[in-house]
Amino acid sequence: MADDTSDPDHAGLPDYELPDALEFSRPEQYRALFENTRLQIVSALSERAATTSELAEMLEKPKGTVGHHLKVLTDAGLVHVVRTKKVRALEAKYYGRTARVFWYHRIAEGAGADERAIGTAATELAQVPAQQRHEVFANIRYARIPTERAEAFSNRLQDLLLEFADEPRAGQTTYALAAALYPTTRRPLTDDSAASGTQERAGTPTSIADAG
């Protein structure tokens with residue numbers, strides 16, 4: 001396979017060729033991906049192809065367990081063997097993703113994936129050692145904006161996540177970038193009647209833009 005890391009435009013992509021995207025269309029794809037160990041496997045394979053032994057060492061799980069999860073992912077068409085290598089008398093199989101990005105709908109096992117992702121980020125954030133807290137940035141802001149502006153920000157966040165994931169691999173620390181944009185039930189301030197020149201009844205909330 002061609003080594004994409006030799007191309008500056010694809011420096012952060014895995015060391016094997018793969019399509020840009022795969023949209024889920026079968027129930028087994030949802031069942032395969034949305035399990036914690038399998039999510040960790042496909043995430044790791046965003047960096048480079050890996051053998052069962054390498055993944056087992058990284059995840060600190062038995063080879064048999066990782067092998068089972070790889071079979072489930074392979075049967076669902078989410079990973080496959082991208083190359084093999086002779087190691088003594090054995091043939092090592094290197095697994096890679098079948099697409100750089102998996103697109104799914106919020107149905108079946110995909111329902112609640114957003115909440116689980118942010119929950120994972122919160123758990124990992126709480127585990128950052130005190131001596132590394134200066135490397136952390138986390139914040140939240142609220143804005144009452146039209147739906148189309150919320151969609152524009154959502155698209156920009158997705159682009160930023162993909163740019164982050166495609167960064168060239170270097171250093172010894174794996175960082176995480178989490179993002180979320182969602183409609184809330186937070187009551188907005190009513191419009192300033194003095195500024196708008198209209199009279200508005202106190203305590204009547206304006207509608208909250210639905211980000212979809």
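Structure shown above.
Presented here is an overview of the structure given in this document. No experiment lies behind these values; they were computed from the predicted model shown. Residue numbers run consecutively from 1 along every chain, following the written order of its sequence. In view of the model being predicted, local features appear only for residues whose pLDDT reaches at least 70, and side-chain atom pairs are presented and counted only at 80 or more, with totals across whole chains, interfaces and linings using the full set of residues. Remark: hydrogens and water are excluded; side-chain values derive from all non-hydrogen atoms of the structure.

### Regarding the pairing of strand 3 (residues 90-97)
Working step 1: For two strands to be treated as a pair, DSSP must find at least two bridges joining them. Segments assigned H or I by DSSP are reported as helices when at least four residues long, segments assigned E as strands when at least two residues long, and all are numbered from the N terminus. Sheet topology note: the strand 2 (residues 79-87)/strand 3 ladder contains 8 bridges and is antiparallel. Counterpart to Val 87 in the pairing with strand 3 is Leu 90.
Working step 2: Count of turn residues in the strand 2/strand 3 antiparallel hairpin: 2 residues, of which Arg 88 carries a positive phi of about 55°.

### Description of the environment of Pro 14
Working step 1: Position of Pro 14 relative to the elements: it lies in the segment before strand 1 (21-23).
Working step 2: With relative accessibility at 4%, the residue Pro 14 sits in the buried group.
Working step 3: As for Pro 14 and Asp 166, which are separated by 152 residues in sequence, their C-alpha atoms are 8.8 Å apart. Three labels apply to residues, based on accessible area from a 1.4 Å probe with only protein chains included: buried if under 20% of the type maximum, exposed if over 50%, partly exposed otherwise in between.

### Some points on helix 2 (residues 36-44)
Working step 1: The complete set of buried residues in helix 2 reads Thr 37, Arg 38, Ile 41, Val 42 and Ala 44. The arc that holds the buried residues of helix 2, viewed along the axis, is 160°, so those residues lie on one side.
Working step 2: It only takes one pair of heavy atoms within 4.5 Å for two residues to be counted as in contact. Contacts made by the buried residues of helix 2 are with helix 1 (27-33), helix 3 (52-59), helix 4 (63-75), strand 2, strand 3 and strand 4 (101-103).
Working step 3: Contacts described as polar in this section are N or O atom pairs within 3.5 Å, which, within protein, must combine one atom able to donate a hydrogen with one able to accept it, while residues neighboring in sequence count only if both atoms come from side chains. Capping of helix 2 at its N-terminal end is provided by Glu 35; its side-chain oxygen lies 2.9 Å from the backbone amide nitrogen of Thr 37. It is the directions from the helix axis to the C-beta atoms that the arc portrays.

### Describing the packing of helix 3 against helix 4
Working step 1: In this analysis an axis means a line fitted to C-alpha atoms, helices contributing only their contacting stretch, and an angle means the value between N-to-C directions, from 0 to 180 degrees. Their axes nearest at 9 Å, the elements helix 3 and helix 4 cross at an angle of 115°. Relative to helix 4, helix 3 is oriented roughly perpendicular. Regarding helix 3 and helix 4, the two cross each other, and that crossing is right-handed. Contacts from Thr 52, Ser 53, Leu 55, Ala 56 and Leu 59 in helix 3 reach Lys 63, Val 66, Gly 67 and Leu 70 in helix 4. Working definition: roughly parallel below 35 degrees, roughly antiparallel above 145 degrees, roughly perpendicular at 65 to 115 degrees, and oblique for all remaining angles. Whether a crossing is left-handed or right-handed is set by the direction in which the near helix is turned from the far one by less than a right angle, anticlockwise for left-handed and clockwise for right-handed.

Such coordinate-based values are descriptive only and should not be taken to indicate function.
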